[in-house]
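# Coordinates in review
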Amino acid sequence: MFESKSFWETRKYCSHSCANSVNSIGRKSCVGRTPWNKGLKGFTAGENNPKYSRIKKSCLECGKEFEIRKYRENTAKFCSHNCEHSARDEGKTPAYNRIRKSASYREWRKAVFERDDYACQDCGQRGGKLHADHIQPFALFPELRLNINNGRTLCIDCHKKTPTYGYRGKNCVAVSQEV
């Protein structure tokens, strides 16, 4: 390829690789120029930037704290799409499923396990697959669903032996009448 004499007179480097080693852009028009922000003092990013305007809010579903920009202060209510979806299912998910997937139910299970020291209350098995069992049935006693005193830790085999395991409609009614 043939280049003109003026091209060779204005060229400062022997090759593009030499020019690239000095200038990150590597274009002929930019060779030898300094970037616009080189040497600027006080250039700030993130929280140090005076235009950085973020606020902290807590998620309505899980309670986790998250940051949003100031202009979304009145509209942002959830930390993620998953929390937003689970909170706004508009009655499509049955109430018992929403309760069992909620943060307060997870806290209840954890509190029951910690109180019982992660050991089955019938056979004494420690660790492994454990269930947090409701002593009074979940379906029949909604006021006791998240009461820690209504829970106990059971292994799977011991939980299957209880009259309230799974859906045993007749047995659940009999247990509730006894109490």
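All values derive from a computational prediction rather than experimental measurement. (Residues numbered from 1 in each chain as written. Predicted model: local features only at pLDDT ≥ 70, side-chain atom pairs only at ≥ 80, totals over all residues. Heavy atoms only, no water.)

## So, the overall build of the protein chain
Along the backbone of the protein chain there are seven helices and four strands. Taken from the N to the C terminus, the helices and strands of the protein chain come in the order α-α-β-β-α-α-α-β-β-α-α. Of all 179 residues assigned to the protein chain, the portion counted as buried reaches 23%. For the protein chain, the share of sequence-separated contacts (at least 6 apart) that also reach a separation of at least 24 residues comes to 37%. (Helix = DSSP H or I, 4+ residues; strand = E, 2+ residues; numbered from the N terminus. Buried < 20%, exposed > 50% of the residue type's maximum accessible area, 1.4 Å probe, protein only. Contact = heavy atoms within 4.5 Å.)

## Some details on the packing of aromatic side chains
Where two aromatic rings form a pair, the distance of their centres and the angle of their planes describe that pair. Under the criterion given, the structure shown has three aromatic pairs. Measuring from ring centre to ring centre gives 6.3 Å for Tyr105 and Phe138, while their planes differ by 90 degrees; the resulting arrangement is edge-to-face. Here Tyr105, found in helix α5 (residues 103–115), pairs with Phe138, found in the loop between β3 (130–134) and β4 (151–155); they are 33 residues apart in sequence, far enough to count as distant. In this structure, Tyr105 and Phe138 share a single accessibility class: buried. Grouped by ring-pair contacts, the aromatic residues Tyr105, Trp108 and Phe138 constitute a single cluster. Positioned above the aromatic ring of Phe138 is the side chain of Arg100, whose terminal nitrogen or guanidinium carbon lies 3.9 Å from the ring centre. The aromatic ring of Phe138 is capped on one face by Arg145, whose charged end is 4.3 Å from the ring centroid. (Phe/Tyr/Trp six-rings, centres within 6.5 Å; stacked < 30°, edge-to-face > 60°. Lys NZ or Arg CZ within 6 Å of the ring centre and 35° of its normal.)

## Comments concerning the nonpolar core
Judged by nonpolar contacts, Tyr105, Trp108, Val112, Phe113, Cys120, Leu130, Ala132, Phe138, Leu154, Cys155 and Cys158 together constitute the single largest core of eleven residues. The set of elements that each furnish at least two residues to this core consists of α5, β3 and β4. Tallying contributions element by element places α5 first for this core, with four residues. Look past the residues within four positions of Tyr105 in its chain and what remains in contact with it is Ile99, Arg100, His134, Phe138 and Leu146. Formed by six residues, the second largest nonpolar core is a distinct cluster that contains Cys59, Ile68, Ala76 and Phe78. (Core = buried A, V, L, I, M, F, W, Y, C linked by side-chain atoms within 4.5 Å.)

## Description of the environment of Lys110
Mapped onto the elements of the fold, Lys110 is located in helix α5. Separated by 22 residues in the primary sequence, Lys110 and Ala132 have C-alpha atoms spaced 8.6 Å apart.

## Things to note about the environment of Cys79
Mapped onto the fold, Cys79 is located in the loop between β2 (65–69) and α3 (81–87). Overall, Cys79 belongs to the partly exposed group, its relative accessible area being 25%. As a C-alpha pair, Cys79 and Phe66 span 13 residues in sequence and 5.9 Å in three-dimensional space. Leaving out residues up to four positions away in the same chain, Cys79 has contacts with Cys59, Cys62 and Phe66.

## Structural notes on the environment of Glu114
Inspection of the secondary structure assignment puts Glu114 in helix α5. Each C-alpha atom of the pair Glu114 and Thr153 lies 9.3 Å from the other, and the pair is 39 residues apart in sequence.

## A few points about unusual backbone geometry
Non-glycine residue Asp117 carries a positive phi angle of around 60 degrees. By the secondary structure assignment, Asp117 is in the loop between α5 and β3. You will see that Tyr118, though not glycine, has its phi angle at about 50 degrees, which is positive. By the element assignment, Tyr118 lies in the loop between α5 and β3.

## Details of the confidence of the model for the protein chain
Here the protein chain averages 78 in pLDDT, and 65% of its residues register 70 or above. In this model residues 174–179 is a low-confidence stretch, pLDDT under 50, and it forms five contacts with partners more than four residues away in sequence or in other chains. (pLDDT = per-residue confidence, 0-100.)

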